[in-house]
Amino acid sequence: MSRISSLVFDRNEQLKRATIITPLGTIKVEWMDLHGDRSWFTSGNLNAKKLASPVIERIERMVSRL
């Protein structure tokens with residue numbers, strides 16, 4: 001089971017970083033504004049990234065409701 005370890009927001013209350021713990025390792029996620037579009041980038045083991053993907057989507061849904 002993957003879980004959210006931390007969420008960090010910038011001074012404008014935009015999602016900036018997240019740490020997700022999976023059974024296969026820790027994934028660091030960073031959101032950036034690229035030409036007006038918010039995109040996320042991850043670092044960590046490829047198999048752990050696959051496990052973290054649904055959690056990243058859940059984070060984005062939670063934040064979009066705020």
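Computed from a prediction, not measured in an experiment: that's the story for all the values here.

Engineer: Before we go on, may I ask you to explain a nonpolar patch on the surface in this structure?
Structural biologist: Together, L7, F9 and M62 make up an exposed nonpolar region whose accessible area comes to about 230 Å². The topology assignment puts L7 in strand 1 (residues 3-9). A relative accessible area of 31% means that L7 is categorised as partly exposed.

Engineer: Sorry if this is basic, but what is going on with helix 1 (residues 46-64) here?
Structural biologist: Every α-helix winds through 3.6 residues per turn, so residues three or four apart in the chain are directed the same way. If you check helix 1, its first and last C-alpha atoms are 26 Å apart, about what 19 residues at 1.5 Å a residue would give, namely 27 Å. Roughly 40° is the biggest bend found in helix 1, and it falls at A52, with proline P54 one to four residues downstream. Every buried residue of helix 1 is accounted for by A48, A52, V55, I56 and I59. A side-chain oxygen of the first residue of helix 1 lies 2.6 Å from the backbone nitrogen of N47; this N-cap is N45.

Engineer: It is not clear to me how the side chain of T22 should be interpreted in this structure. Could you clarify?
Structural biologist: Inspection of the secondary structure puts T22 in strand 2 (residues 15-22). Within the structure, T22 has its side chain in polar contact with the backbone oxygen of G25 (distance 2.7 Å). Not counting residues up to four positions away in its chain, the partners in contact with T22 are S2, I27, A48, L51 and A52.

Engineer: What should I look at first to understand the sheet that holds strand 3 (residues 25-34) in this one?
Structural biologist: Neighbouring strands of a sheet are bound in pairs by backbone hydrogen bonds; such pairs are parallel or else antiparallel. One open sheet holds the 4 strands; their spatial order is 1-2-3-4, and the pairing between them is antiparallel. Where the open sheet ends on each side, the last strands, each with one partner, are strand 1 and strand 4 (37-43). Strand-to-strand twist in this sheet, taken as the mean axis angle between neighbours without regard to direction, amounts to 20°. Sheet analysis places strand 1 next to strand 2, joined by 6 bridges and oriented antiparallel. If you follow F9 over to strand 2, its bridge partner there is L15.

Engineer: When you look at the environment of I21 in this model, what are you seeing that I'm missing?
Structural biologist: As for its position among the elements, I21 is in strand 2. Taking the C-alpha atoms as reference, I21 lies 6.3 Å from S5; in sequence the two are 16 residues apart. Excluding residues within four positions of it along the chain, I21 makes contact with M1, S2, R3, S5 and T26.

Engineer: Which parts of the structure should I look at to understand the nonpolar core?
Structural biologist: Counting residues in hydrophobic clusters, the biggest one holds 11 residues: L15, A18, I20, I27, V29, W31, A48, A52, V55, I56 and I59. Of all elements in the fold, only strand 2, strand 3 and helix 1 reach the threshold of two or more residues within this core. Counting residues per element, this core draws most heavily on helix 1, which supplies 5 residues. Setting aside residues no more than four positions away along its own chain, A48 makes contact with T22, L24, G25 and I27.

Reading the values: the criteria
Residues numbered from 1 in each chain as written. Predicted model: local features only at pLDDT ≥ 70, side-chain atom pairs only at ≥ 80, totals over all residues. Heavy atoms only, no water. Patch = residues over 30% accessible without salt bridge, like charges linked within 9 Å, V, L, I, M, F, W, Y side chains within 5 Å. Areas by Shrake-Rupley, 256 points an atom, 1.4 Å probe, with all protein chains shown as cover. Salt bridge = Lys/Arg side-chain N within 4 Å of Asp/Glu carboxyl O. Helix = DSSP H or I, 4+ residues; strand = E, 2+ residues; numbered from the N terminus. Buried < 20%, exposed > 50% of the residue type's maximum accessible area, 1.4 Å probe, protein only. Expected span 1.5 Å × (residues − 1). Bend = angle between axes of the 7 residues up to and from the residue. Polar contact = N/O pair within 3.5 Å; in protein donor to acceptor, adjacent residues only side chain to side chain. Contact = heavy atoms within 4.5 Å. Pairing = 2+ DSSP bridges. Axes fitted to C-alpha atoms, helices over the stretch in contact; angles between N-to-C directions. Core = buried A, V, L, I, M, F, W, Y, C linked by side-chain atoms within 4.5 Å.

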